[in-house]
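One letter stands for each residue in the lines below.
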Amino acid sequence: MASVTIREVRKAFGPVEIIHGVNIDIEDGEFVILVGPSGCGKSTLLRMLAGLENITSGEISIGNRVVNQVPPKERDIAMVFQNYALYPHMSVADNMAFSMKLRGAPQSEITERVDKAARILGLTQLLDRYPRQLSGGQRQRVAMGRAIVRDPQVFLFDEPLSNLDAKLRVQMRTEIKELHQRLKTTTVYVTHDQIEAMTMADKIVVMHDGIVEQIGAPLDLYDNPDNLFVAGFIGSPAMNFIKGRIEGGEFVADGGFRLPVGKAPAGAEGRPVIYGLRPEHIRIEAGGVPTEVVVVEPTGSETQVVLRVGGQEIVAVFKERLTARPGETLAISPSLAVAHLFDADTGRRLVA
Amino acid sequence: MSDAAITPSGHDRAGPSFWEGLKTNRNFLGFWFMLPAAAFLVLFLVYPLGLGVWLSFTDSKIGNPGDFIGLENYEWIIGDAKFQLAVFNTLFYTFVASVVKFAVGLYLAILLNNHLPFKAMIRAVVLIPFIVPTVLSAIAFWWIFDPQFSVISWALRKWGWISGNIDFLGDPWNARISVIFANVWRGVPFIAITLLAGLQTVSPSLYEAATLDGASKWQMFRYVTYPILTPIIAVVMTFSVLFTFTDFQLIKVLTNGGPAGTTELMATMSYNTAILGGRIGEGAAISTAMIPFLLGAIMISWFGLQKRKWQQGSDND
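This one's a predicted model, so the numbers in the text were calculated from it and none came from an experiment. Residue numbers here run from 1 along each chain, matching the order of that chain's written sequence. Throughout, the order in which chains and ligands are written sets their labels, letters from A for the former and numbers from 1 for the latter. Thresholds applied to this predicted model are a pLDDT of at least 70 for local features of residues and 80 or more for the giving and counting of side-chain atom pairs; totals over whole chains, interfaces and linings are not thresholded and use all residues. Side-chain descriptors were evaluated using all non-hydrogen atoms of the structure, hydrogens and water having been removed beforehand.

1. Quick notes on the packing of aromatic side chains
Any Phe, Tyr or Trp ring, taking Trp's six-membered ring, that has another such ring centre within 6.5 Å forms a pair; planes under 30 degrees apart are called stacked, those over 60 apart edge-to-face, and the others tilted. Using the criterion set out here, one finds 30 aromatic pairs over all chains in the structure. Between Phe 251 of chain A and Tyr 275 of chain A, the aromatic rings sit 4.9 Å apart at their centres with planes inclined by 45°, giving tilted as the arrangement. Note that Phe 251 of chain A is positioned in strand E12 (residues 250-253) and Tyr 275 of chain A in strand E14 (residues 272-277), a separation of 24 residues in sequence. Neither residue differs from the other here; Phe 251 of chain A and Tyr 275 of chain A are each classed as buried. Through successive ring pairs, a cluster of aromatic residues spans Phe 141, Phe 145, Phe 168, Phe 181 and Trp 185 of chain B. Only DSSP runs of H or I with at least four residues qualify as helices, and only runs of E with at least two residues qualify as strands; both kinds are numbered from the N terminus onward. Three exposure classes are used, based on accessible area relative to the maximum for each residue type with a 1.4 Å probe and protein chains only: buried under 20%, partly exposed in between, and exposed over 50%.

2. Focus: the nonpolar core
Residue and element names in this part refer to chain A. Buried Ala, Val, Leu, Ile, Met, Phe, Trp, Tyr and Cys residues form a nonpolar core when they are joined through side-chain atoms within 4.5 Å. Of all hydrophobic cores here, the largest spans 46 residues; its most connected members are Ile 33, Met 96, Met 144, Ile 176 and Tyr 189. Any two residues whose heavy atoms approach within 4.5 Å are treated as being in contact. Contacts of Met 144, omitting those with residues within four sequence positions, involve Val 80, Leu 121, Phe 157, Met 172, Ile 176 and Leu 179. Of all hydrophobic cores here, the second largest spans 45 residues; its members include Ile 6, Leu 46, Ile 60 and Val 67.

3. As for the packing of helix H5 (residues 81-112) of chain B against helix H10 (residues 172-200) of chain B
Residues and elements named next belong to chain B. Contact pair H5 / H10: the axes reach a minimum separation of 6 Å and the direction vectors enclose 40°. As far as their axial angle goes, H10 and H5 are oblique. Where H5 crosses over H10, the two elements pack in a sense that is right-handed. Tallied by class, the residues present in the contact of H5 with H10 amount to 24 nonpolar, four polar and two charged. For helices, the fitted line uses only the C-alpha atoms of the stretch in contact; every axis is such a line through C-alpha atoms, and the angle between N-to-C directions lies from 0 to 180 degrees. Angle categories: roughly parallel below 35 degrees, roughly antiparallel above 145, roughly perpendicular from 65 to 115, and oblique for all the rest. Left-handed describes a crossing whose near helix is turned anticlockwise from the far helix through less than a right angle; right-handed describes the clockwise counterpart. Under this grouping Gly is polar, as are all residues other than the nonpolar Ala, Val, Leu, Ile, Met, Phe, Trp, Tyr, Cys and Pro and the charged Asp, Glu, Lys and Arg.

4. Focus: the pairing of strand E17 (residues 312-318) of chain A
Residue and element names in this part refer to chain A. DSSP-based pairing: two strands are paired if at least 2 bridges between them are found. Note that strand E16 (residues 303-309) and E17 share seven bridges and pair antiparallel. Counterpart to Val 306 in the pairing with E17 is Val 315. Between E16 and E17, which pair antiparallel in sequence order, lie two residues; one of them, Gly 310, sits at a positive phi of approximately 55°.

5. Examining the pattern of salt bridges
A side-chain nitrogen of Lys or Arg and a carboxyl oxygen of Asp or Glu constitute a salt bridge if their distance falls within 4 Å. Going through the model one piece at a time under the given rule, you end up with 21 salt bridges over all chains. Put simply, Glu 8 of chain A and Arg 10 of chain A hold a salt bridge, and the shortest N to O gap is 3.9 Å. For Glu 8 of chain A, a relative accessible area of 40% translates into the label partly exposed. For the salt bridge of Glu 53 of chain A with Lys 11 of chain A, the shortest nitrogen-to-oxygen distance reads 3.8 Å. Placement of the pair is Glu 53 of chain A in the loop between helix H1 (42-50) and strand E4 (57-62) and Lys 11 of chain A in strand E1 (residues 4-13), with a sequence separation of 42 residues. Look at Glu 53 of chain A and you get buried, because its relative accessible area is 19%. A cluster of three or more residues bridged by salt bridges with shared partners is formed by Lys 11, Arg 47 and Glu 53 of chain A together with Glu 208 of chain B.

6. Description of the sheet that holds strand E2 (residues 16-26) of chain A
All names here are of chain A. Overall, antiparallel pairing links the four strands, which are arranged E2-E1-E4-E5 in an open sheet. Both edges of this open sheet fall to E2 and strand E5 (65-66), since each of them pairs with a single strand only. Examined bridge by bridge, E1 and E4 share five bridges and lie antiparallel to one another. Within E4, the residue paired with Ile 6 across the bridge is Ile 60. Sitting on the sheet, H1 touches E1, E2 and E4, and the angle it makes with E1 is about 115°.

7. Concerning empty space enclosed by the protein
Both cavities and pockets are sets of points on a 1 Å grid over the protein atoms alone; in a cavity a 1.4 Å probe fits but cannot get out, in a pocket the set is open with protein on both sides within 12 Å along at least five of seven lines, and lining residues sit with an atom within 4 Å of a point. Grid points are joined across faces, edges and corners, and a volume is the space filled by probe spheres set on the points. Under the definition given, this model contains four cavities of 30 Å³ or more. The computed volume of the largest cavity comes to approximately 70 Å³. Forming the walls of the largest cavity are Ala 78, Met 79, Phe 81, Ala 143, Arg 146, Ala 147 and Arg 150 of chain A together with Ala 209, Leu 212 and Asp 213 of chain B. For the lining of the largest cavity, the elements supplying multiple residues, two or more each, are strand E6 (77-80) and helix H4 (136-149) of chain A together with helix H11 (204-212) of chain B. When residues in the lining of the largest cavity are grouped by element, the largest group, three residues, is from H4 of chain A. The residue makeup of the lining of the largest cavity, split by class, is seven nonpolar, no polar and three charged. Around the second largest cavity, the lining residues are Asn 89, Phe 92, Tyr 93, Arg 176, Val 179, Ile 180, Thr 262, Thr 263 and Leu 265 of chain B. Residue assignment for the lining of the second largest cavity shows that the elements contributing at least two residues are H5 and H10 of chain B. Of the residues belonging to the lining of the second largest cavity, the class tally is five nonpolar, three polar and one charged.

So, in structure tokens, the structure goes:
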């Protein structure tokens, strides 16, 4: 196990720079998730960490050793690929043993380690099978087994669950988290799915267009997003953004309605701001802002409602079952003591 | 078929007639759809092959249909030193040319699989020997191997490596190596391009996984590329062996079997005996004698082509 430090790392393909100076500190044993929309550079960053891409400038260290010039096999890392990258002509056991065989490890040690990894992942019955004979989830597990066998300092996961169906994804999510709690190996995990990030990570790194937008614990990012991007990216359904300005300690939307802000940020009076309101922080209140119901989507455990107010649609999620019909009027108000307010020009959060 | 079920057979409530049933019978229809193709195959493949085999059991000569004489032709050619030499030549030619073609073709395929500048153009250039008509390239080689005007002899003389011209096609072993060289030149593109197609199906992430697993370039080839490529190697080498074994044009133009029968292959010997020599029965026996060798090659590849256990099941992604 080891810590990982990424210092001012940049990556350019020819003249195009796609990662613009990234700094991340990953502690020993931490489960860190790099999350962001496609093309944000998260996979490239992971591949630089693995040694599959070289580093244009900056420094990456694993366990206090700068690895910029260290070949991949000597970095003491193991990687799980999005398409698993299992060798199709090797059995499950051979797939897992391949790195040890190349290293010339004694057969007894290989058998012991492969068996141990297979036990951890429930693959013992499948050791003689070939990848094509396995289901998606089983292949995913073999790919993890191949990583575990190597007993590396750092596990790298590159969108490992994106090829699985929704149900299996939820199950594998739990399995990976369990595995990490058991092995306590430093893990860097890349995904574009913010739910994966929220549920699994000790620490989330939100990336966008080659820069780090915010680093923090999942609930920290949820409660205190630094900027509009993080606020919109974390949480599902996404946060509603309402344009307006602060007037007399209250938020006045461009659509004309007013919302309470709790404690208004200093010097915000009269400035254009964006009011961030999470769908789950909306409650029905008799004296609230009147809105028109557009669509009602019950999921059983909750009801998702699209509302129109001041010429803008916002999404609300209610725990209670709603009988409202489209066209009816619903009075709502924010249930949060302090609102998320963002500067309309910079997108930065305004702190009270 | 669904037609029959939907169409109300108003006038015949007892059920569809025999003809109705036949019209929707898959096997019956399939037979008729297959017939044109089958007729072509019978006319142009089965009939000539059968005729050839039949002629090999007769003493037919040009202008004389001949009579059935059993295995006499075979008894005669088996004892014939010229035939024995031709069999040896054919096996030697096929073996050496196929091995060299495979090695060069695979090497070329791996080179072309790398990121090269002008990749598409280089790949097109590699195909040239394959698309030039064989007889044309044979004539070109005929000049290259010419005892007086050979460009190879000329160049080597200029560099001072040799003093006299090389007798490429006049010396038995020189001639054998020369025709094999020409065959390799012609056959390599087919193998290289086919193997290249195979190489491109190997997912790049396998190489990345192997890199992380600590494999060297050679180990990657030995343990990842080569095993994944084996099915396509089996196919391409079967074709290559069959083509080489039955080669005719190159030899006919370059040496016509000479000197003294040292480059005579079974195919050219059969032609020379049957068409030029007029001894059709004997020539047919020589070409029929190629069939067991070809069947042997096909059998080997058939077993090689059996789906390996790892190929069964669904795709990796």
